[in-house]
Amino acid sequence: MKTPKELKVKPIKNGTVIDHITANRALSVLKILELPNEKTTVTAAMNVLSSQMGSKDIVKIEGRELAPKEVDKIALIAPSATINIIRDYEIVEKSKVHLLDKVKDILKCPNPNCITNTDEPVQIKFFVTGKKPVVLRCYYCERIMEEDEIEAQF
């Protein structure tokens, strides 16, 4: 009987590794980042065994560092995620995503009668009422939005 070869993911020279993504959310993270595209090499691992989380997803993006607004969006669907910035094959910066107490201009209120869904010039805002799982409350109509509705907007 042959010993199976272990396949490893090639390390990236420069870019970003997003680790500790909630299991089965890597595709939503890629959607937020508008990936994949023809210019960027992306590696995604889903349902990877994790001692901390049970299972997790990981996304590696070659040649790209994330904008703060992108990290804020990722925090909504993967509040335990870790962002690693890679330069010359070394981790030069490692940080956890932070879900702010207020979320502004990222999501739309699912209540069709909310003032934010009219032509009124108001800023769309939500209060974060829960972080694990993520639960938001509209600043104007007080409609509660949970993880599935949040993820559906990306």
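Shown above is the structure to which this text applies.
Residues numbered from 1 in each chain as written. Predicted model: local features only at pLDDT ≥ 70, side-chain atom pairs only at ≥ 80, totals over all residues. Heavy atoms only, no water.

Examining the sheet that holds strand 4 (residues 82-87)
Consideration 1: Ordered by their spatial adjacency, 5 strands build an open sheet running 2-3-1-4-5, and the pairing between neighbours is antiparallel. Both edges of this open sheet fall to strand 2 (42-50) and strand 5 (90-96), since each of them pairs with a single strand only. In this sheet, neighbouring strand axes are inclined to one another by 20° on average, regardless of whether the strands run parallel or antiparallel.
Consideration 2: Both strand 1 (residues 15-22) and strand 4 contribute to a ladder of 5 bridges, which runs antiparallel. Paired with Asp19 across the bridge in strand 4 is Thr82. (Pairing = 2+ DSSP bridges. Helix = DSSP H or I, 4+ residues; strand = E, 2+ residues; numbered from the N terminus. Axes fitted to C-alpha atoms, helices over the stretch in contact; angles between N-to-C directions.)

Details of the side chain of Asp57
Consideration 1: Here Asp57 is to be found in strand 3 (residues 54-62).
Consideration 2: Buried charge Asp57 goes without a salt bridge, the closest partner of opposite sign being Arg25 at 7.8 Å.
Consideration 3: Here the side chain of Asp57 touches Ala26 through a polar contact of 2.9 Å, landing on its backbone nitrogen. (Buried < 20%, exposed > 50% of the residue type's maximum accessible area, 1.4 Å probe, protein only. Lys, Arg positive; Asp, Glu negative; His and termini not counted. Salt bridge = Lys/Arg side-chain N within 4 Å of Asp/Glu carboxyl O. Polar contact = N/O pair within 3.5 Å; in protein donor to acceptor, adjacent residues only side chain to side chain.)

A closer look at the environment of Pro36
Consideration 1: Within the element layout of this structure, Pro36 appears in the loop between helix 1 (26-32) and strand 2.
Consideration 2: You can call Pro36 exposed: its relative accessible area is 64%.
Consideration 3: Distance from Pro36 to Ile61, taken between C-alpha atoms, is 9.3 Å for residues 25 residues apart in sequence.

So, the side chain of Thr16
Consideration 1: Relative to the assigned elements, Thr16 resides in strand 1.
Consideration 2: Thr16 sits in the buried class, given a relative accessible area of 0%.
Consideration 3: A distance of 2.6 Å separates a polar side-chain atom of Thr16 from the backbone oxygen of Arg64.

A closer look at the pattern of salt bridges
Consideration 1: Per the counting criterion, the structure on display carries 7 salt bridges.
Consideration 2: Two residues, Arg25 and Glu147, come together in a salt bridge whose shortest N-O distance is 3.8 Å. Taken as a pair, Arg25 in the loop between strand 1 and helix 1 and Glu147 in helix 3 (residues 147-152) lie far apart in primary sequence, 122 residues in all.
Consideration 3: Its relative accessible area of 10% is what places Arg25 among the buried residues.
Consideration 4: Here the residues in one salt-bridge network are Arg25, Glu147 and Glu151, joined through shared partners.

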